[in-house]
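Fold and geometry: a report
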Amino acid sequence: MNLKGTKFQLKVWNYLRKIPKGKVKTYLEVAKAIGKPKAFRAVANAVGKNPYPPKIPCHRVIRSNGSLGGYSRKGGIQQKRQLLKSEKVFIK
DNA sequence: GCCATGGCTAGTA
DNA sequence: GCCATGGCTAGTA
């Protein structure tokens, strides 16, 4: 798989690949995990540019308050919900 | 370089 | 308010 992007984006996407099926992380958790705890906003941007969804599971990132957050890929938010549902994750 | 733009967050009101 | 991007303007050379 040939990922192309900035250093930052690659860090984010690589981290996404480590989130196992059936689990979710928040944008803030991802930010912390890549060593940039205050870059949660930028993380959201990078996640949104995921080139290979759902192979790279950007759908497993949700908001800190437990709500879904967004999904700018094909199918939109419904698709995100559906993907999570198929992994037995239920979001409010 | 500057500025707007986001799949957001924590903390106030 | 946080912060990485991308587009676009000045303004220099």
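Structural data are supplied above this passage.
Residues numbered from 1 in each chain as written. Chains lettered and ligands numbered in written order. Predicted model: local features only at pLDDT ≥ 70, side-chain atom pairs only at ≥ 80, totals over all residues. Heavy atoms only, no water.

**Structural notes on the protein's contact with DNA strand C**
Neighbouring residues of DNA strand C: Thr6, Phe8, Gln9, Lys36, Lys38, Ala39, Phe40, Arg41, Ala42, Asn45 and Lys49. For DNA strand C, the fraction of protein-proximal atoms (within 4 Å) that sit in sugar or phosphate groups is 77%. Here a sugar or linking oxygen of DNA strand C sits 3.4 Å away from a polar atom, N or O, in the main chain of Lys38. Of all the elements in the fold, those that place two or more residues in the surface near DNA strand C are α1 (7–16) and α3 (40–48). No other element matches the 4 residues that α3 contributes to the surface near DNA strand C. Looking at side-chain class alone, the surface near DNA strand C contains 4 nonpolar, 3 polar and 4 charged residues. (Near = heavy atom within 4 Å. Polar contact = N/O pair within 3.5 Å; in protein donor to acceptor, adjacent residues only side chain to side chain. Helix = DSSP H or I, 4+ residues; strand = E, 2+ residues; numbered from the N terminus. Nonpolar A, V, L, I, M, F, W, Y, C, P; charged D, E, K, R; others polar.)

**A word on the side chain of Glu87**
Along the polypeptide, Glu87 turns up in the segment after α4 (76–86). For Glu87, the residues in contact, after removing those within four places along its chain, are Lys21, Gly22, His59 and Arg60. (Contact = heavy atoms within 4.5 Å.)

**A short note on the nonpolar core**
In terms of nonpolar packing, the biggest core is built from 18 residues, with Val12, Trp13, Leu16, Val30, Val43, Val47 and Val61 touching the most fellow members. Looking at this core, the elements with two or more residues in it are α1, α2 (27–33) and α3. Counting residues per element, this core draws most heavily on α1, at 4 residues. (Core = buried A, V, L, I, M, F, W, Y, C linked by side-chain atoms within 4.5 Å. Buried < 20%, exposed > 50% of the residue type's maximum accessible area, 1.4 Å probe, protein only.)

**Some words on α1**
Buried residues of α1: Gln9, Val12, Trp13, Tyr15 and Leu16, and no others. Along the axis of α1, the buried residues cluster in a sector spanning 160°; they form a single face. Against the buried residues of α1 lie β1 (25–26), α2, α3 and β2 (61–62). (Arc of directions from axis to C-beta.)

None of this, on its own, says anything about what the molecule does.
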